[in-house]
Amino acid sequence: MKDSKFYIVSFGDSDKYSVPFDGSKEEFEHSSEFKHIKDAVFDYVKSKFPAAKFDELIAPKVEVPTEKDEVYSVLNEDNLGKLKHDVERQVEVKMQNKKLDSDAPYSNI
């Protein structure tokens, strides 16, 4: 029986999820399945923070698993919802930190 291939997907500092895909990493990165994942996450965050420039903050990462023993949750619809909320929180925290940093020169700290 052929082993099923999968890739590890994360956005910024989010949790990592496995996505089954029988192809090379490059094929996966250009696949409609990966595009759907990126679009779902980016569209969700954009709906919450329309003016934010978050692309660099939450750049998607695709990794090849290094050991067979690594276990990650499969990125199904439920976990996609968790991922969206995780990424939303990352953007929110980073935007708050950026605001604090920009206000720091004018504060009396």
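Residues numbered from 1 in each chain as written. Predicted model: local features only at pLDDT ≥ 70, side-chain atom pairs only at ≥ 80, totals over all residues. Heavy atoms only, no water.

A closer look at helix 2 (residues 32–48)
In an α-helix, one turn spans 3.6 residues; hence positions three or four apart end up facing the same way.
Consideration 1: The terminal C-alpha atoms of helix 2, which comprises 17 residues, lie 24 Å apart, in line with the 24 Å expected from a rise of 1.5 Å per residue.
Consideration 2: Taken together, the buried positions of helix 2 are occupied by Phe34, Ile37, Ala40, Val41, Phe42, Tyr44 and Val45. (Helix = DSSP H or I, 4+ residues; strand = E, 2+ residues; numbered from the N terminus. Expected span 1.5 Å × (residues − 1). Buried < 20%, exposed > 50% of the residue type's maximum accessible area, 1.4 Å probe, protein only.)

So, the packing of aromatic side chains
Consideration 1: For the structure shown, the criterion picks out five aromatic pairs.
Consideration 2: On the numbers, 6.1 Å between centres and 70° between planes, the contact of phenylalanine 11 with phenylalanine 42 is edge-to-face. Of this pair, phenylalanine 11 sits in strand 1 (residues 6–11) while phenylalanine 42 is found in helix 2, placing the two residues 31 residues apart along the sequence. With respect to class, phenylalanine 11 is no different from phenylalanine 42; both count as buried.
Consideration 3: Connected via pairs of aromatic rings, a cluster forms that spans Tyr7, Phe21, Phe28 and Phe34. (Phe/Tyr/Trp six-rings, centres within 6.5 Å; stacked < 30°, edge-to-face > 60°.)

Points about the sheet that holds strand 1
Consideration 1: Spatially, three strands are ordered 2-1-3 in an open sheet, and the strand pairing comes out antiparallel. Taken across any chain shown, the strands that pair with only one partner, and hence form the sheet edges, are strand 2 (17–20) and strand 3 (60–63). The sheet shows a mean angle of 35° between the axes of neighbouring strands, direction not considered.
Consideration 2: Across four bridges, strand 1 lies against strand 2 in antiparallel orientation. Paired with isoleucine 8 across the strands is serine 18, a residue of strand 2.
Consideration 3: The strands that helix 2 touches are strand 1, strand 2 and strand 3; relative to strand 1, the one it contacts most, it runs at about 20°. (Pairing = 2+ DSSP bridges. Axes fitted to C-alpha atoms, helices over the stretch in contact; angles between N-to-C directions. Contact = heavy atoms within 4.5 Å.)

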